[in-house]
There are 4 protein chains.
Amino acid sequence: MVVANMKSRGLYGRKGLDLQERVIDINPPDEDHVIVKIHACGVCGTDLNFVRDWDAQHMALGHEIAAEVIETGKNVTSAKRGDKVIVEDCSMCGVCDDCKSGHPEYCRNMYTIEGQPGMGQYMSVRYNSLDKFDGLDYVSACLTEPLAVSLTAVLNAEIPLGGSVLVLGPGPLGLMAARLAKLRGAGFVAITGLPADNPRETARLALAERMGCDLVIQTGKQSVEDEIRARFPAGVDRVIVSSPPRSMYDAFKAIRFGGIITFFGLHFGGQNVIDLDVNDMIFRKITLRPTFAEPAINFPISIRLLRDGLIDAKSLVTHTFGFAGAKSVLAAAVDGSQPIIKAVMLPNG
Amino acid sequence: MVVANMKSRGLYGRKGLDLQERVIDINPPDEDHVIVKIHACGVCGTDLNFVRDWDAQHMALGHEIAAEVIETGKNVTSAKRGDKVIVEDCSMCGVCDDCKSGHPEYCRNMYTIEGQPGMGQYMSVRYNSLDKFDGLDYVSACLTEPLAVSLTAVLNAEIPLGGSVLVLGPGPLGLMAARLAKLRGAGFVAITGLPADNPRETARLALAERMGCDLVIQTGKQSVEDEIRARFPAGVDRVIVSSPPRSMYDAFKAIRFGGIITFFGLHFGGQNVIDLDVNDMIFRKITLRPTFAEPAINFPISIRLLRDGLIDAKSLVTHTFGFAGAKSVLAAAVDGSQPIIKAVMLPNG
Amino acid sequence: MVVANMKSRGLYGRKGLDLQERVIDINPPDEDHVIVKIHACGVCGTDLNFVRDWDAQHMALGHEIAAEVIETGKNVTSAKRGDKVIVEDCSMCGVCDDCKSGHPEYCRNMYTIEGQPGMGQYMSVRYNSLDKFDGLDYVSACLTEPLAVSLTAVLNAEIPLGGSVLVLGPGPLGLMAARLAKLRGAGFVAITGLPADNPRETARLALAERMGCDLVIQTGKQSVEDEIRARFPAGVDRVIVSSPPRSMYDAFKAIRFGGIITFFGLHFGGQNVIDLDVNDMIFRKITLRPTFAEPAINFPISIRLLRDGLIDAKSLVTHTFGFAGAKSVLAAAVDGSQPIIKAVMLPNG
Amino acid sequence: MVVANMKSRGLYGRKGLDLQERVIDINPPDEDHVIVKIHACGVCGTDLNFVRDWDAQHMALGHEIAAEVIETGKNVTSAKRGDKVIVEDCSMCGVCDDCKSGHPEYCRNMYTIEGQPGMGQYMSVRYNSLDKFDGLDYVSACLTEPLAVSLTAVLNAEIPLGGSVLVLGPGPLGLMAARLAKLRGAGFVAITGLPADNPRETARLALAERMGCDLVIQTGKQSVEDEIRARFPAGVDRVIVSSPPRSMYDAFKAIRFGGIITFFGLHFGGQNVIDLDVNDMIFRKITLRPTFAEPAINFPISIRLLRDGLIDAKSLVTHTFGFAGAKSVLAAAVDGSQPIIKAVMLPNG
């Protein structure tokens with residue numbers, strides 16, 4: 001079946017929750033491309049940044065994509081019509097020195113989704129941007145991307161079996177990091193969050209407990225350092241920072257001698273610089289190991305964890321929505337007025 | 001420039017030094033393929049096996065290939081006409097779970113050179129099978145593939161700085177392993193070889209010394225165990241086995257408590273099974289770590305080592321030849337009557 | 001308090017369940033020694049070997065020791081009267097090149113318990129052979145040593161998160177390995193055992209299931225290879241061999257391309273040699289990594305895992321006994337007539 | 001032989017090159033101690049800090065100690081009279097959880113030299129603070145400690161074979177790091193130093209070249225970033241910082257995407273805090289891995305590297321002196337008026 005000149009309706013956004021629907025053409029695939037029908041697309045913090053703060057032109061929304069292959073270019077052998085796939089938003093090139101050396105994480109020639117919104121009906125992508133899955137529904141599957149981000153951080157942290165871990169930030173990435181830390185054998189996992197003063201924060205902290213966190217610290221109301229040092233006078237083995245750069249100060253206060261701090265919390269408003277005490281890092285032998293999950297790293301393993309139920313997607317995805325409900329869900333995700341953990345759009349739902 | 005219906009003359013072989021020249025068609029490249037002109041192709045032990053022992057149909061010879069791009073398919077952006085390239089005989093797919101996870105060494109969907117002889121004038125290969133190089137002549141460059149095999153073993157061996165290493169087998173792979181071990185910081189490197197009773201073995205052992213081996217052991221005339229234990233009563237830190245499986249017994253005799261034996265020496269004549277004392281491995285904490293360098297692993301770093309002169313290609317390549325000289329060089333490489341270390345064919349020379 | 005010329009009653013054994021009680025003198029500690037009162041000592045397979053097969057002089061029994069410090073030599077600062085301690089049967093020297101390099105696992109100058117039975121009332125050991133613990137009863141604590149053996153193997157196996165693991169052998173070590181594999185994040189764990197034809201084997205397989213094993217294979221009745229390949233056509237990621245050397249054949253049949261086999265199952269009756277296909281290891285990139293947990297490695301982490309309940313000691317220790325009950329418990333442990341998983345002696349109970 | 005109530009003459013210092021000789025008593029060793037005669041003690045940057053800046057009471061000088069055992073306590077079996085030894089200034093305890101887990105680098109209960117000056121005639125230390133050596137003169141041997149510091153940093157940096165390395169700071173530690181990087185297989189090593197405007201800096205930069213550095217950058221006169229980026233547009237693989245914290249800015253400018261910065265340069269005058277751009281670290285995937293070589297780590301391997309000539313002690317030790325010459329040598333080391341690289345005191349010379 002050739003789908004000629006398909007039309008795809010998709011979502012774009014900018015500051016002030018200024019959403020726009022556009023219809024774009026999806027051309028028939030060239031030899032190497034694949035057309036997919038998007039069944040589920042998660043809302044990422046980046047999307048929320050766009051609709052809250054981005055003041056230039058409208059940006060395509062959505063990159064946590066679970067889809068179905070509907071047409072393949074003539075050279076494509078690794079996927080076929082009907083396959084269930086994750087679409088990577090950013091893919092290793094496979095031919096640079098780093099990819100060929102088993103280090104796709106250093107690839108600088110990545111393939112992208114070329115400005116197409118994941119919060120849209122269809123998409124055309126190169127064949128190598130797909131990760132097939134099975135035994136998993138689309139809504140759960142679209143957690144693959146954020147799970148992979150979180151997983152890359154957790155693996156980078158090299159959590160010692162039975163060790164102690166502090167996760168800063170209770171968003172979906174932080175919550176998954178906490179669960180993954182437990183799954184990897186941590187003996188104790190604490191997580192920090194804002195005070196449970198609105199439905200979103202309340203939901204996050206409640207889920208943290210259901211996911212097995214041994215301690216939930218409400219920053220502002222409680223001292224991270226005090227809570228940790230009361231239980232671990234020497235500090236925790238690992239800190240995973242899923243919150244903005246300034247929270248690194250808490251990481252340094254909580255980490256033990258010889259510990260590792262891994263972090264992936266960016267700040268785009270200029271608060272990205274902290275004071276670093278080099279003597280202290282040396283004397284306390286503290287390693288700083290950032291994580292930036294581009295290109296798509298750890299997608300295959302993330303799919304397996306979701307499929308086998310080791311990560312419980314159902315408890316994370318609290319809301320789904322279509323084009324009609326987009327504005328209200330995104331608004332609530334921004335202002336915290338609903339108990340949203342992860343919201344997922346169903347562009348063809 | 002479109003090169004339509006090119007003809008390529010190439011070399012095939014079977015038992016009894018039964019060589020055959022054939023002319024094959026090289027079709028214009030499809031979207032993803034590239035046509036290369038082969039400037040140099042090294043003779044591998046596998047090629048010698050074919051012309052000595054292979055008694056079925058003629059096999060295409062040569063897979064250590066340095067070439068020049070002369071035409072590219074329309075979708076190819078990673079190489080262009082005039083580029084100097086290594087052609088991988090076996091390439092990672094780039095899309096399987098293992099490739100996407102940074103483990104191309106576990107890829108099972110590899111691209112090949114599709115039966116074309118590296119000892120031929122031209123070849124058509126998929127774009128992802130190329131590794132570009134510069135600052136290096138073609139003859140030296142064609143050592144990339146065997147160097148990568150050797151390098152993979154040496155890196156697998158995790159040689160401790162200042163440590164002691166025994167290399168079994170003084171063929172090009174073993175000689176390069178010895179040099180690489182030194183380059184990685186080994187404090188002592190020994191190599192074993194057959195007695196210097198013919199020009200080939202004499203040349204190999206002499207080169208071993210020039211390359212910095214601290215000890216050359218002639219098996220048959222000397223006991224590997226005695227020579228090693230005289231210098232290292234507790235045994236050496238690492239053994240790299242570039243000779244047939246039966247030499248593993250020497251590896252076990254020479255290795256120290258807690259050491260690693262890495263090996264890539266196959267036997268195709270049925271002598272591939274050895275007795276393994278499991279108690280001994282446990283009590284002496286000896287790890288067995290094989291190396292099999294498929295798909296092309298460590299080609300980029302191998303190119304850099306050759307380009308920067310850290311591996312001296314000139315001392316390894318002792319003979320070059322064209323179609324006319326092929327039979328006599330291969331014969332000598334088999335019978336040892338010439339001081340051949342590495343022979344390289346110049347198919348367009 | 002100086003305990004002068006203490007007497008200690010202890011257990012020795014040889015073939016035919018020939019047990020002997022002896023009373024030995026425990027002299028006052030010299031500067032570096034410590035006298036402990038033994039509260040619990042686990043029965044190891046080695047002890048069972050002695051009372052079943054050992055035909056020379058009686059051997060001291062017991063080396064899985066949880067005890068209380070009752071007197072310390074004058075230079076001892078790292079332990080004091082009343083401390084609860086594990087007594088290592090084999091301790092790193094702390095001064096050799098390997099210990100000083102952070103590799104106590106290569107230490108060859110180990111301290112021992114000097115022939116004293118762990119199944120005895122008191123013992124004098126050097127101060128550095130103690131690992132303090134708290135928040136844990138003595139019976140549970142005496143699992144530290146076997147847990148550490150098992151843990152060392154599991155850590156050596158480098159289990160991938162969400163990966164598949166096969167454990168060969170359902171003794172206490174194998175059962176703990178299975179649990180530890182789950183704890184480290186394995187997605188699937190199978191274990192093999194003899195058919196559940198006697199109370200001991202029935203108890204083991206039942207506990208395997210309660211501990212979370214996804215599959216229990218009864219060797220003899222079922223094919224390990226078939227059961228594994230039915231679920232994992234490509235084989236499992238890791239095999240941990242806690243059974244005799246001959247079971248390595250099953251390990252090779254079940255392991256996937258690129259997998260790791262880690263093993264610690266010895267055979268003392270001469271069946272310690274297997275046939276090893278070197279070609280197969282190379283082509284399938286299979287690593288053999290033995291584990292031998294001397295000197296005491298991973299005791300501190302094992303204590304933490306027991307203390308925090310990550311390993312459930314209560315389900316493993318099925319029987320305790322004193323001097324009076326020793327013979328019948330050891331007999332049953334040998335012949336399988338009782339549902340014994342781990343039996344623990346209480347020498348002062 | 002019992003050496004009762006020995007007297008030992010030693011050197012102490014404070015600000016303003018205020019040196020003091022004191023004679024202390026060396027009591028007969030208790031059971032665990034050893035008395036050594038110090039044949040060589042290197043001058044460390046810390047010693048120079050004391051005589052330049054330290055304004056409290058006089059500090060004992062010298063901790064890079066090569067000595068001879070002259071008497072041993074009755075329980076000491078690991079050393080005997082006549083042994084040549086390095087005395088560690090800071091030794092692992094061997095009994096804490098970290099030492100027992102093969103991580104002496106996290107030990108917090110270290111043994112010290114108890115305030116005794118290495119720049120003295122004799123010293124009494126616990127038996128476990130000794131590392132025996134042979135085949136090496138005392139003056140060369142006393143480089144063990146600084147070499148180990150440098151080596152720990154180089155090993156932490158995980159230098160890729162054939163990779164590029166920038167070392168900041170050309171003191172003895174930086175010079176040795178540069179040499180070690182080459183020894184570990186770096187393809188390119190650059191080093192920075194102050195302009196060659198005095199004899200000390202001139203000597204350092206000249207030695208850097210003799211030791212094989214591919215590039216010497218004079219800071220102040222040249223831009224580190226420009227010099228590196230001219231050769232490596234993408235930056236170098238690794239930066240080793242042997243200079244004060246502020247030079248970390250150069251490290252960030254020179255490092256490539258995905259690189260590792262390892263550092264051990266402290267500042268005691270309050271300039272130990274730098275601005276750290278967390279976004280930049282994340283986007284560029286840069287790891288910060290400090291090195292602090294306490295307790296004595298890598299002494300055994302450092303001894304081997306010196307003994308085997310892989311590190312050329314002779315080119316590093318430019319000056320030796322006794323009590324009489326101490327003041328003038330230390331003064332010149334501080335003000336740069338002599339071509340001093342490493343000065344070594346011979347307290348019994």
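Every value quoted in this text rests on a predicted model; they were computed, and no experiment measured them. (Residues numbered from 1 in each chain as written. Chains lettered and ligands numbered in written order. Predicted model: local features only at pLDDT ≥ 70, side-chain atom pairs only at ≥ 80, totals over all residues. Heavy atoms only, no water.)

Draft legend 1. Examining the overall build of chain A more closely. Assigned secondary structure in chain A consists of twelve helices and 19 strands. Scaling as 2.2 N^0.38, a compact globule of 349 residues should have a C-alpha radius of gyration of about 20 Å, and chain A matches this with 21 Å. Seen through its principal axes, chain A has C-alpha atoms that stretch 65 × 45 × 40 Å. Among the 349 residues that make up chain A, the fraction classed as buried is 62%. When the accessible surface of chain A is split by element, carbon and sulfur atoms take 49% of a total near 12400 Å². For chain A, the distance from the average position of its 36 positive side-chain charges to the average position of its 40 negative side-chain charges is 2 Å. (Helix = DSSP H or I, 4+ residues; strand = E, 2+ residues; numbered from the N terminus. Rg over C-alpha atoms; globule rule 2.2 N^0.38 Å. Buried < 20%, exposed > 50% of the residue type's maximum accessible area, 1.4 Å probe, protein only. Areas by Shrake-Rupley, 256 points an atom, 1.4 Å probe, with all protein chains shown as cover. Lys, Arg positive; Asp, Glu negative; His and termini not counted. Charge placed at Lys NZ, Arg CZ, Asp CG, Glu CD.)

Draft legend 2. Highlighting the interface of chain D and chain A. Residue-level contacts link 34 residues of chain D with 34 residues of chain A. For the pair chain D and chain A, the interface holds zero salt bridges. On inspection of chain D and its partner chain A, the count reaches 17 residue pairs in polar contact (both at pLDDT 80 or more). Taken together, the elements giving at least two residues each to the side of chain D that touches chain A come down to β15 (255-263), β16 (273-277), α9 (278-284) and β17 (287-290) of chain D. (Contact = heavy atoms within 4.5 Å. Salt bridge = Lys/Arg side-chain N within 4 Å of Asp/Glu carboxyl O. Polar contact = N/O pair within 3.5 Å; in protein donor to acceptor, adjacent residues only side chain to side chain.)

Draft legend 3. Focus on the packing of helix α1 (residues 45-53) of chain C against helix α12 (residues 326-335) of chain C. Residues and elements named next belong to chain C. Interaxial distance between α1 and α12 falls to 10 Å at its minimum, and their mutual angle equals 95°. One element, α1, and the other, α12, form an angle in the roughly perpendicular class. The residues of α12 that touch α1, namely those facing L48, V51 and R52, are L330, A333 and V334. Grouping the amino acids of the contact of α1 with α12 by side-chain chemistry returns five nonpolar, no polar and one charged. (Axes fitted to C-alpha atoms, helices over the stretch in contact; angles between N-to-C directions. Parallel < 35°, antiparallel > 145°, perpendicular 65-115°, else oblique. Nonpolar A, V, L, I, M, F, W, Y, C, P; charged D, E, K, R; others polar.)

Draft legend 4. Inspection of unusual backbone geometry at higher detail. At the junction of E294 of chain A and P295 of chain A, the peptide bond is cis and its omega measures out at -10° in the coordinates. In the Ramachandran plot, K285 of chain D falls in the positive-phi region, its phi being about 55° despite a non-glycine side chain. Locating K285 of chain D in the fold gives a position in the loop between α9 and β17. Residues other than glycine seldom take positive phi values, yet N298 of chain D does so here, at roughly 65°. On the secondary structure map, N298 of chain D appears in the loop between β17 and α10 (299-307). Among the residues examined, N298 of chain D registers a relative accessible area of 11% and is labelled buried.

Draft legend 5. The nonpolar core, seen in detail. Ranked by size, the top nonpolar core spans 82 residues in total, and within it V36, V87 and L130 of chain A together with V36, V87 and L130 of chain B carry the most contacts. Once residues within four sequence positions are removed from consideration, V87 of chain B is found in contact with V36, H63, I65, A67, I113, M123, V125, S129 and L130 of chain B. Core analysis: the second largest hydrophobic core is formed by 81 residues, F321 of chain C together with L48, L130 and A326 of chain D among them. (Core = buried A, V, L, I, M, F, W, Y, C linked by side-chain atoms within 4.5 Å.)

Draft legend 6. Expanded view of the relation of the copies chain C and chain D. When chain C is fitted to chain D, the residual RMSD is 0.0 Å, and the transformation amounts to a turn of 180° plus an axial shift of 0.0 Å. Both copies of the chain, as the preceding transformation shows, are related through a two-fold rotation axis. In terms of proximity to the rotation axis, the leading residue of chain C is G102 of chain C, whose C-alpha is 2.2 Å off the axis. A symmetric contact is evident, with 100% of the interface residues of chain C recurring at the interface of chain D. (Least-squares fit on C-alpha atoms with pLDDT ≥ 70 in both.)

Draft legend 7. Representation of the relation of the copies chain D and chain A. For the pair chain D and chain A, the superposition axis carries a translation of 0.0 Å, the fit reaches an RMSD of 0.0 Å, and the rotation angle comes to 180°. Here 100% of the interface residues in chain D have copies in chain A that are interface residues too; the copies meet face to matching face.

Any functional reading would require information beyond the geometric quantities listed.
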